[in-house]
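Spelled out, the chains give:
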Amino acid sequence: MKAIVKTDFNLPKQKSKYVGKVRDVYDIDGKYLVMVVSDRISAFDVVLPEGIPYKGQVLNQIAAKFLDATSDILPNWKIAVPDPTVTVGYKCEPFKVEMVIRGYLAGHAWREYKAGKRTLCGVALPEGMVENQKFPEPIITPTSKAAEGHDEDITPEELIAQGIVTKEEYAELEKYTRAIFQRGTEIAAKQGLILVDTKYEFGKKDGQIYLMDEIHTPDSSRYFYAEGYEERLAKGERQKQLSKEFVREWLMANGFQGQEGQKVPEMTPEVVDGITNRYIELYENIVGEKFVRTDYTPEQIEKNIADCISSINE
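Read on for an overview of the structure. Quick caveat, the model's predicted, so the values are computed rather than measured.

1. Side note on the packing of helix α1 (residues 55-69) against helix α7 (residues 269-287)
Phase 1: Packing of α1 against α7 brings their axes to within 9 Å, and their N-to-C directions diverge by 15 degrees. Classed by the angle they form, the pair α1 and α7 counts as roughly parallel. α7 is crossed by α1, and the crossing has left-handed handedness. Judged by residue contacts, K55, V58, L59, Q61, I62, K65 and F66 of α1 engage Y279, I280, Y283, I286 and V287 from α7.
Phase 2: Classifying every residue of the contact of α1 with α7 by side-chain character gives 9 nonpolar, 1 polar and 2 charged.

Rendered as structure tokens:
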């Protein structure tokens, strides 16, 4: 299977195409979006030179399952999945904020805490916590979506003052964020996992708030294995986790953190196969189903999308 790292489709009523780090997004008639999850992989804000076969399929199928599993909480943008790597959905006006929710003191929150900060995005953090400890209740730490570079931590008050959201909209976003995270936590627990932290993106269509983009994938979320969590926490050991962190760890071990002058280590076929297998392991653990590798060509994907668009427009 050859990794799909680039698409150049000519779709019915296509208005524009946006190429992100991993996704190619096509605007159809200003009403719909076609999101193609490529096999590109990024880390430290750098797209790595080799694609990872089946990675796009893994991420798209996990996201689709979780969008379906939370659709009773609020509407979401998904209309159809015409191909394992593609979601077609409604075009919404996005809020320029990512709603990050954290159940545990890990990642960025832990780095800030370790540096002595006791407030994150306006949320007061308890004294005496250790890395990966559970918060008394999940905290929401929004980030403003930067057009370029890194997203920045922001308080709800700043979001409202800058006109990014109204007070009423923020209250709705927070309510939905907590409800979706609770659902994701319950689903993860059935798989023997802990949903540690994640992020959600929302938009508006016809005056209604919609959930957008991917949710609860290993690229947007951090999972721990529940078994052994307490023992590792008590001993100060690293948690066994399911996320893209293993890719970052491999890069760091080989002297790359995205800084100027650093070179991405060679991604041999063995390295690429290893990353593919880890993503498939992530899928099977998170979803609880066997992953079925689907081999496809760009031509087949384009035809599947075109057929889907035609059926939506009929």
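2. Overview of the pairing of strand β16 (residues 208-212)
Phase 1: Within β16, 4 of the 5 residues are buried, leaving the element largely enclosed by the surrounding structure.
Phase 2: Two strands pair when backbone bridges link them, and strand β15 (residues 193-205) and β16 are joined in this way by 5 bridges, in the antiparallel orientation. Residue pairing across strands places K204 opposite I209, the latter belonging to β16.
Phase 3: From the end of β15 to the start of β16, which pair antiparallel, there are 2 residues, and D206 there has a positive phi angle of about 50 degrees.

3. What to know about empty space enclosed by the protein
Phase 1: Under the counting rule described, the total for this entry stands at 1 cavity of 30 Å³ or more.
Phase 2: Counted as a void, the largest cavity has a volume near 60 Å³.
Phase 3: Together, R23, M35, V37, L59, N60, A63, L67, W77, T87, D213 and E214 line the largest cavity.
Phase 4: Contributions of two or more residues to the lining of the largest cavity are made by β3 (32-37) and α1.
Phase 5: Among the elements that make up the lining of the largest cavity, the one with the highest residue count is α1 (4 residues).
Phase 6: Tallied by class, residues from the lining of the largest cavity come to 6 nonpolar, 2 polar and 3 charged.

4. Topic: the side chain of E112
Phase 1: Inspection of the secondary structure assignment puts E112 in helix α2 (residues 107-114).
Phase 2: By relative accessible area, which is 19% here, E112 ends up buried.
Phase 3: At a separation of 2.8 Å, a polar atom in the side chain of E112 contacts the side chain of K117.
Phase 4: Contacts of E112, omitting those with residues within four sequence positions, involve K117 and L120.

Cut-offs used in this document
Residues numbered from 1 in each chain as written. Predicted model: local features only at pLDDT ≥ 70, side-chain atom pairs only at ≥ 80, totals over all residues. Heavy atoms only, no water. Axes fitted to C-alpha atoms, helices over the stretch in contact; angles between N-to-C directions. Helix = DSSP H or I, 4+ residues; strand = E, 2+ residues; numbered from the N terminus. Parallel < 35°, antiparallel > 145°, perpendicular 65-115°, else oblique. Left-handed = near helix turned anticlockwise from the far one by under 90°. Contact = heavy atoms within 4.5 Å. Nonpolar A, V, L, I, M, F, W, Y, C, P; charged D, E, K, R; others polar. Buried < 20%, exposed > 50% of the residue type's maximum accessible area, 1.4 Å probe, protein only. Pairing = 2+ DSSP bridges. 1 Å grid on protein atoms, 1.4 Å probe; cavity = no way out; pocket = protein on both sides within 12 Å on 5 of 7 lines; lining within 4 Å. Points joined across faces, edges and corners; volume = space filled by probe spheres on them. Polar contact = N/O pair within 3.5 Å; in protein donor to acceptor, adjacent residues only side chain to side chain.

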